[in-house]
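Here's the letter readout for the chains.
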Amino acid sequence: MIFLTRKAEFSSAHFYRNPAWSDEQNREAFGKCANPNGHGHNYTLEVTVAGEVNPATGFVVDLKLLKDILEREVVSVYDHRHLNHEVPEFALANPTTENIAVAIWRRLDGKVPNARLHRVRVYEMADLFADYYGESADLLDRNATALNAQTVA
Amino acid sequence: MSTPVVHFSRRYRFSASHRLHTPGMSDEQNRATYGKCNNPFGHGHNYMVELTLAGPVAADTGFVVSLPALDALAQRELLDRFDHTHLNAHTAFSADFLPSTENLAFELQRIFAREVPLLDPTGRLRLSNIRIEETGNNSFDLPSQSDAPERTR
Ligand SMILES: [Zn+2]
């Protein structure tokens with residue numbers, strides 16, 4: 001098995017707000033990110049898939065095909081859009097880097113032929129990013145946190 | 001759908017000097033082992049430390065961790081401690097501590113594995129990886145003990 005990563009970029013606006021909270025609570029929790037007109041980022045997406053090399057082509061998956069899938073499923077929906085107002089998965093959930101990584105996973109899962117989605121990484125800035133490994137990794141992660149609590153206690 | 005667990009990463013930078021020299025070897029052996037890193041007055045690097053935290057995405061904020069809280073922790077335990085210091089002379093280390101970047105990574109892991117879970121009172125957060133770049137050409141990844149079995153996933 002081998003891992004293969006493809007990058008894509010999109011530029012989007014967003015803000016953070018919990019509608020159940022007062023303006024003051026929102027400012028307290030989200031700071032500048034709560035400004036109601038929003039602000040934007042140049043996001044970098046890295047999608048890693050795992051699979052076996054097809055001996056006929058030498059590829060796991062044709063990179064052009066992977067590029068087209070990312071374009072169709074993610075970039076065409078997110079790029080130059082306001083995530084809160086124009087992308088359905090963020091109508092109720094904040095478009096944080098964490099939630100964007102999970103949403104992109106759900107958009108891509110099962111869409112890449114001959115490969116298994118391994119990791120979705122979203123950079124909001126060069127120094128801040130989030131990784132999601134899918135629902136099947138959630139349980140492993142919970143176990144690892146419990147194990148960690150024992151080892152550092 | 002269960003709450004997704006996301007790995008959230010943040011990068012921090014600091015500058016410090018060090019000298020690689022071990023008292024168990026002769027001066028000649030030290031020079032042979034460490035080359036110019038053994039020069040008596042030391043030399044410096046711009047270090048980049050990447051902390052990766054794993055935890056469930058909170059439904060009310062969309063965050064794995066409060067960024068101001070994480071930044072404050074890194075300021076206290078990493079930047080205030082080590083920025084613009086000479087690591088060999090650092091009071092955090094015993095006199096025979098050899099401040100290779102590997103050893104520094106283990107020291108930082110000891111600190112952040114203990115401190116990161118304290119950022120979440122419900123105990124669902126852990127340090128999953130520390131990455132240090134000593135220069136743009138040299139980097140080290142240290143997964144937490146709890147994460148080591150998962151690295152192959
Ligand atoms: Zn933002």
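Think of each chain on its own: its residues are numbered from 1, step by step along the sequence as written. The lettering of chains begins at A and the numbering of ligands begins at 1, in the order of writing. Whole-chain, interface and lining totals are the exception, using all residues; otherwise, since this is a predicted model, local features are given only for residues with pLDDT of at least 70 and side-chain atom pairs are given and counted only at 80 or more. Values reported for side chains reflect all heavy atoms of the structure, with hydrogen atoms and water molecules removed beforehand.

Details of the overall build of chain A
Cut-off, in case you're wondering: Secondary structure elements are defined from DSSP: runs of H or I of at least 4 residues count as helices, runs of E of at least 2 residues count as strands, and each element is numbered from the N terminus. Only protein chains enter the calculation, and the probe is 1.4 Å; a residue is then buried if its accessible area is under 20% of its type maximum, exposed if over 50%, and partly exposed in between. Any two residues whose heavy atoms approach within 4.5 Å at even a single point are treated as in contact. Note on areas: Shrake-Rupley with a 1.4 Å probe; residue coverage comes only from the protein chains shown. Neither His nor the chain termini are counted; the positive set is Lys and Arg, and the negative set is Asp and Glu. The atom standing in for a charge is NZ when the residue is Lys, CZ when it is Arg, CG when it is Asp and CD when it is Glu.
Helix and strand counts for chain A stand at five helices and four strands. Mapped from its N terminus to its C terminus, chain A presents α and β elements in the order β-α-β-α-α-α-β-β-α. Principal-axis analysis of the C-alpha atoms places the extent of chain A at approximately 60 × 45 × 25 Å. Buried positions account for 47% of the 153 residues belonging to chain A. Considering only intrachain contacts with a sequence separation of at least 6, the fraction spanning at least 24 residues in chain A is 70%. Surface exposure of chain A reaches about 8,000 Å², of which carbon and sulfur atoms provide 52%. A gap of 3 Å separates the mean positions of the 16 positive and 21 negative side-chain charges of chain A.

A look at the coordination of the zinc ion
Residues and elements named next belong to chain A. Where we set the bar: Each metal site is built from N, O and S donor atoms within 2.8 Å (3.2 Å for Na, K and Ca), and since water is not included, such sites may look incomplete.
Only H14 (NE2), H39 (NE2) and H41 (NE2) from the protein coordinate the zinc ion, and they sit 2.0 to 2.1 Å from it. The sequence pattern formed by the donor residues of the zinc ion is H-x24-H-x1-H. Given a relative accessible area of 25%, H39 falls into the partly exposed group.

Some remarks on the packing of helix α2 (residues 67–82) of chain B against helix α3 (residues 101–115) of chain B
Residues and elements named next belong to chain B. Let me state the cut-off plainly: Only the stretch in contact is used when a helix axis is fitted, and all axes are lines through C-alpha atoms; the angle between N-to-C directions ranges over 0 to 180 degrees. Angles below 35 degrees are treated as roughly parallel, those above 145 as roughly antiparallel, those between 65 and 115 as roughly perpendicular, and all remaining angles as oblique. Handedness of a crossing follows from how the near helix is turned relative to the far one, being left-handed for an anticlockwise turn of less than a right angle and right-handed for a clockwise one.
At a minimum axis distance of 10 Å, the contact between α2 and α3 shows a crossing angle of 160°. As the angle between them shows, α2 and α3 are arranged roughly antiparallel. The interaxial crossing formed by α2 with α3 has right-handed handedness. The residues of α3 that touch α2, namely those facing L73, A74, R76, E77, L78, R81 and F82, are L108, I111, F112 and E115.

Side note on the interface of chain B and chain A
Note the following rule: Buried area, as used here, totals the accessible surface that two parts lose on assembly, with accessibility defined by a 1.4 Å probe and the loss added over both. A pairing counts as a salt bridge when a side-chain nitrogen of Lys or Arg comes within 4 Å of a carboxyl oxygen of Asp or Glu. Within 3.5 Å is the distance limit for a polar contact, defined as a pair of N or O atoms, with the added protein rule that one can donate a hydrogen and the other accept it, and that residues adjacent in sequence qualify only through two side-chain atoms.
Between chain B and chain A, the contact holds 35 residues from the first and 35 residues from the second. When the two sides are added together, the surface that chain B and chain A hide from each other amounts to roughly 3,000 Å², 54% of it contributed by carbon and sulfur. Counting every contact that joins chain B to chain A gives two salt bridges. Two residues, D127 of chain A and R13 of chain B, come together in a salt bridge whose shortest N-O distance is 2.5 Å. Where chain B touches chain A, the interface holds 14 residue pairs in polar contact (both at pLDDT 80 or more). Secondary structure elements with two or more residues in the side of chain B that touches chain A: β1 (5–18), β2 (43–56) and α3 of chain B.

Focus: the pairing of β1 of chain B
Using the following cut-off: Two strands pair if DSSP finds at least two bridges between them.
Burial of β1 of chain B is extensive: 12 of the 14 residues sit out of reach of the surface. Bridging between strand β4 (residues 128–132) of chain A and β1 of chain B involves four bridges; their strand directions are antiparallel. Of the residues in β1 of chain B, the one forming a bridge with F129 of chain A is S9 of chain B. In this structure, β1 of chain B lies alongside strand β3 (residues 85–86) of chain B, joined through two bridges in parallel fashion. Within β3 of chain B, the residue paired with A16 of chain B across the bridge is T85 of chain B.

What about the environment of R126 of chain B?
One can find R126 of chain B in strand β4 (residues 126–135). Exposure remark for R126 of chain B: the relative accessible area of 0% places this residue in the buried category. Separated by 101 residues in the primary sequence, R126 of chain B and M25 of chain B have C-alpha atoms spaced 38 Å apart. At a separation of 2.9 Å, a polar atom in the side chain of R126 of chain B contacts the side chain of T145 of chain A. Within the structure, the side chain of R126 of chain B is placed 2.8 Å from the side chain of D147 of chain B, a separation counted as a polar contact.

Some remarks on the pattern of salt bridges
Residues and elements named next belong to chain B. All chains considered together, the criterion is met by 20 salt bridges over all chains. As a salt-bridge pair, R10 and D71 come within 3.1 Å of each other at their nearest N and O atoms. With a gap of 61 residues between them, R10 in strand β1 and D71 in helix α2 connect regions that are remote in the sequence. Relative accessible area serves as the criterion here: at 24%, D71 is assigned to the partly exposed category. One network of salt bridges, with partners in common, ties together R76, E77, R81, R114 and E115.

Examining the confidence of the model for chain B
Put simply, the test is: Each residue carries a pLDDT value, the predictor's own confidence for that position, ranging from 0 to 100.
Counting all residues, the mean pLDDT for chain B is 91, and 95% of those residues have values of 70 or more. The complex prediction reports pTM at 0.91, with the ipTM value standing at 0.91.

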